[in-house]
Amino acid sequence: PMERTLAIIKPDAVATRQVGAILQRIELAGFTLRGIRLVNLSRHDAEGFYAVHRTKPFFDSLVTFMSSGPAVVLVLEASDAIRKWRALMGATDPAKAEAGSIRRDFGSSIEHNATHGSDAVDTAVFEVDYFFSDLEYGDSVEG
């Protein structure tokens, strides 16, 4: 069955003009692009999106970073999209990510790691709905 997930090309990758290269990898990996938008998150928007991490020590710096410049949010569709996108991104720490992964090639640190992806179906539903209406990406995250 087809599945949808949220992907974010983070401010660091936008600032270094890597959006096109990352989109090309997404398309070459077989994902269908169901939604795309350039966003400039306010601190409040970033806090809402990352609310699940509010009690973690990295929360403040993550929110500051994600509201520091434009980012590209995407709805990706593929069979097993969540797992497939997370594999294409690579490990959170670019230094530990597999060769050829997006984070290895475009990230510079655990926080400035170029991309974000949903980690589960329920997370994907929340994250896609945070940025997109049904009219923009279709009627159901589950397909």
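Note: the structure precedes this text.
Residues numbered from 1 in each chain as written. Predicted model: local features only at pLDDT ≥ 70, side-chain atom pairs only at ≥ 80, totals over all residues. Heavy atoms only, no water.

(A) Structural view of the overall build of the chain. A count of helical and extended segments in the chain gives eight helices and four strands. Each helix and strand of the chain, placed in order from N terminus to C terminus, yields the pattern β-α-α-β-α-α-β-α-α-β-α-α. Rg of the C-alpha trace for the chain: 14 Å, near the compact-globule value of 15 Å for 143 residues, within the 12% margin. If one aligns the C-alpha atoms of the chain with their principal axes, the spans along those axes are about 35 × 35 × 25 Å. Burial status across the chain gives 45% buried among its 143 residues. Taking as baseline every contact in the chain between residues at least 6 positions apart, the subset at least 24 positions apart corresponds to 75%. Looking at the chain, you have 15 positive and 20 negative side-chain charges, and the mean spots of the two groups are 5 Å apart. (Helix = DSSP H or I, 4+ residues; strand = E, 2+ residues; numbered from the N terminus. Rg over C-alpha atoms; globule rule 2.2 N^0.38 Å. Buried < 20%, exposed > 50% of the residue type's maximum accessible area, 1.4 Å probe, protein only. Contact = heavy atoms within 4.5 Å. Lys, Arg positive; Asp, Glu negative; His and termini not counted. Charge placed at Lys NZ, Arg CZ, Asp CG, Glu CD.)

(B) Molecular detail of the packing of aromatic side chains. Using the criterion set out here, one finds six aromatic pairs in the structure. Relative to Tyr50, the ring of Phe49 has its centre 4.8 Å away and its plane inclined at 90 degrees; by these criteria the two rings are edge-to-face. With relative accessibility at 4%, the residue Tyr50 sits in the buried group. Relative to Tyr130, the ring of Phe126 lies with its centre 5.7 Å away and its plane at 45 degrees, an arrangement referred to as tilted. Note that Phe126 and Tyr130 are positioned in helix α7 (residues 121–131) at a spacing of four residues, about one turn of the helix. An aromatic cluster of at least three residues, connected via ring pairs, comprises Phe49, Tyr50, Phe126, Tyr130 and Phe131. (Phe/Tyr/Trp six-rings, centres within 6.5 Å; stacked < 30°, edge-to-face > 60°.)

(C) Just the nonpolar core, in detail. Core analysis: the biggest nonpolar cluster contains 20 residues, and Ile9, Ile22, Ile26, Phe31, Leu74, Leu76 and Trp85 have the highest contact counts within it. For this core, the elements supplying multiple residues, two or more each, are β1 (2–9), α1 (11–15), α2 (19–28), β3 (71–79), α5 (81–89) and α6 (102–106). What Ile26 contacts, discounting residues up to four positions off in sequence, is Phe31, Leu74, Leu76, Trp85 and Leu88. In this structure, Leu6, Ile8, Ala71 and Val128 belong to the second largest nonpolar core, which totals 18 residues. (Core = buried A, V, L, I, M, F, W, Y, C linked by side-chain atoms within 4.5 Å.)

(D) Focus on the pairing of β3. Counting buried positions over the nine residues of β3 gives eight, a clear majority of the element. As paired elements, β1 and β3 share eight bridges and run antiparallel to each other. Within the sheet, the bridge partner assigned to Ala7 lies in β3 and is Leu74. Bridge count for strand β2 (residues 32–39) against β3 is seven bridges, and the pairing is antiparallel. What sits directly across from Arg37, in β3, is Val73. (Pairing = 2+ DSSP bridges.)

(E) How the structure looks around the environment of Asn113. Checked against the element boundaries, Asn113 lands in the loop between α6 and β4 (115–117). In this structure, the C-alpha to C-alpha distance between Asn113 and Ala95, residues 18 residues apart in sequence, is 9.8 Å. When near neighbours in sequence (up to four residues on either side) are disregarded, Asn113 contacts Lys10, Asp12, Thr92, Pro94, Arg103 and Gly107.

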